[in-house]
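Spelled out, the chains give:
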Amino acid sequence: MPYHPDAWQAPTLGENLKRAGVTRREFLAFCGVLAGIFAGGAAGAPKASAEQIADKLAAVTKPNVVWLQLQECTGCMESTLRSGGTTVEEVVLKLLSVNYNELVMAASGDAANKALAATNAEPHILVVNGSIPLKDNGIYCTIGGESAEQVLRASAENATAILAVGACAVWGSVQASRPNPTGAVGVDEIIRDRPVINVAGCPPIGEVITATVAYLLAHDDVPQTDAEGRPLFAYDQRIHDSCPRRPHFDAGQYVRTFDDEAARNGWCLYEMGCKGPSTFSACPIFQWNLHTSWPIGAGHPCIGCTERHFFDRFTPFYRVLPNVRGFGVEGTAEKIGWGLVGATVAGVAIHAGATAVRHATARKTEAAEPLNAFGDDPAGTEE
Ligand code: FSX
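Keep in mind that what you see is a predicted model, and the values were worked out from it rather than measured. (Residues numbered from 1 in each chain as written. Predicted model: local features only at pLDDT ≥ 70, side-chain atom pairs only at ≥ 80, totals over all residues. Heavy atoms only, no water.)

**Focus: empty space enclosed by the protein**
Applying the stated criterion across every chain yields a total of 3 cavities of 30 Å³ or more. Its boundaries defined by the atoms lining it, the largest cavity holds a volume of some 120 Å³. Taken together, 13 residues make up the lining of the largest cavity; nearest its centre are His 240, Cys 243, Cys 268, Leu 269 and Cys 274. Looking at the lining of the largest cavity, the elements that each hand over two or more residues are helix 12 (239-242) and helix 13 (246-250). Across the lining of the largest cavity, the residue classes tally to 9 nonpolar, 2 polar and 2 charged. (1 Å grid on protein atoms, 1.4 Å probe; cavity = no way out; pocket = protein on both sides within 12 Å on 5 of 7 lines; lining within 4 Å. Points joined across faces, edges and corners; volume = space filled by probe spheres on them. Helix = DSSP H or I, 4+ residues; strand = E, 2+ residues; numbered from the N terminus. Nonpolar A, V, L, I, M, F, W, Y, C, P; charged D, E, K, R; others polar.)

See below:
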């Protein structure tokens, strides 16, 4: 359970953590991890030290959160909650007062609706999972008799920050793919008068979700984002740039069937349809489930789930991505260096990974280039 009912008995986070037995040393260690994650972002972004983040977070007063789940599969909450252990996620979730979330709240029916209305009436952080179906007056997703669009608009009104978490909330994801039968759209197609932070992925990495919330609390500001609204600290680099299998790509060593010798040797999955060259995500750095593994690490090609319209643009998933530049062209020392950082942190706790991220200063990508895909027609435009 993310919500700690006893967590907010004192006015500030620092006092509450002390009451809960969290020492200054432990809190600083956690803030050091966050500083490392934030420092992984774009060159020129403001950097804060662990001490600065700790001071800021310690002074935070109860951050109320409305966490909606609209048209989605609950994978995003699973990603947030299921890593286990003492992680960035766990600590950040203890910082929050999640007053409304369908999955984890004890209340139901009228009591749940009242909790939502009460939190909506105050300043709060709004986190949204899931897409918003606009067709047929939104009948495909309703809560308490209100359409998802109505629920979203009401919850956004007094929100101090809005996070769209997961491909569904970012652009509609699979349900918005052709022919998009429910008219599904992402949050930023409804909320247009202020920034929506897009935490992309199906699902996104738990640490990226919670670090984005922590960024808001630690900076009183939204993080720098790319053209897709994704926080640059986690989405400024392609998977291809830091993939531990990258040396095999550069050497022309490819897996050609899932059970061949190359697969057993951990060679490059490009010819199995890997979309890593067209996908911006920190998967190789953060990995999943306490840094246990990640799709490419487990031998499966990346399907590109952090990219808009990935289902229409990247399927069939096992077809080779066209026009990826080959051996030698992108093998600059800087990028190969990042590949080695990715390999080095494998098997090490997120603390160490984040430290490696912090110390890797040269982090440039070709974000301005169009991504390679099979087709770039926006989803849902054809019926
Ligand atoms: Fe979508 Fe999330 Fe994929 Fe599922 O809430 S991003 S279908 S993992 O659960 O919204």
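**Some remarks on the sheet that holds strand 9 (residues 196-199)**
Spatially, the 5 strands line up as an open sheet ordered 2-1-3-7-9, and their pairing is parallel. Sheet topology places strand 2 (97-101) and strand 9 at the edges, where each strand pairs with a single neighbour. On average, each strand axis in the sheet is inclined to that of its neighbour by 25°, with strand direction left out of account. Sheet strands touched by helix 6 (residues 109-120): strand 1 (64-69), strand 2 and strand 3 (124-129). Its angle to strand 1, the strand with the most contacts, is close to 130°. Along the sheet, helix 7 (residues 148-156) contacts strand 1, strand 3 and strand 7 (159-165); its crossing angle with strand 3, the most-contacted strand, is approximately 155°. (Pairing = 2+ DSSP bridges. Axes fitted to C-alpha atoms, helices over the stretch in contact; angles between N-to-C directions. Contact = heavy atoms within 4.5 Å.)

**Here we look at the packing of helix 3 (residues 50-58) against helix 10 (residues 206-219)**
Running from N to C, helix 3 and helix 10 point in directions that differ by 80°, and their axes come no closer than 8 Å. Classified by the angle between their axes, helix 3 and helix 10 sit roughly perpendicular to one another. Contact residues: Ile 53, Lys 56 and Leu 57 in helix 3; Ala 214, Leu 217, Ala 218 and His 219 in helix 10. Taken together, the residues of the contact of helix 3 with helix 10 break down into 5 nonpolar, 1 polar and 1 charged. (Parallel < 35°, antiparallel > 145°, perpendicular 65-115°, else oblique.)

**Quick notes on the side chain of Gln 237**
Position of Gln 237 among the secondary structure elements: in the loop between helix 11 (232-235) and helix 12. At 3.1 Å, the side chain of Gln 237 forms a polar contact with the side chain of Ser 242. (Polar contact = N/O pair within 3.5 Å; in protein donor to acceptor, adjacent residues only side chain to side chain.)

**Focus: the pattern of salt bridges**
Considering all chains together, one arrives at 13 salt bridges under this definition. Residue Asp 226 pairs with Arg 230 through a salt bridge whose shortest N-O separation is 2.8 Å. Put simply, Arg 264 and Glu 261 hold a salt bridge, and the shortest N to O gap is 3.5 Å. Taken as a pair, Arg 264 and Glu 261 lie in helix 14 (residues 261-264) at a separation of 3 residues, close to a single helical turn. Looking at Arg 264, the relative accessible area reads 58%, which means it is exposed. (Salt bridge = Lys/Arg side-chain N within 4 Å of Asp/Glu carboxyl O. Buried < 20%, exposed > 50% of the residue type's maximum accessible area, 1.4 Å probe, protein only.)

**Observations regarding the site of the ligand**
Taken together, 13 residues sit near the ligand, with Glu 72, Cys 73, Cys 76, Cys 168 and Cys 202 positioned nearest. Within the side chain of Glu 72, one N or O atom sits 2.6 Å away from an oxygen atom of the ligand. Per-class residue counts for the shell around the ligand are 6 nonpolar, 6 polar and 1 charged. (Near = heavy atom within 4 Å.)

**Side note on the environment of Lys 275**
Note on placement: Lys 275 falls in the loop between helix 14 and helix 15 (283-286). Taking the C-alpha atoms as reference points, Lys 275 and Pro 301, 26 residues apart in sequence, are found 7.0 Å from one another. Apart from the residues within four sequence positions on either side, Lys 275 is in contact with Cys 302, Ile 303, Gly 304, Phe 314, Pro 316, Phe 317, Arg 319, Leu 321 and Phe 374.

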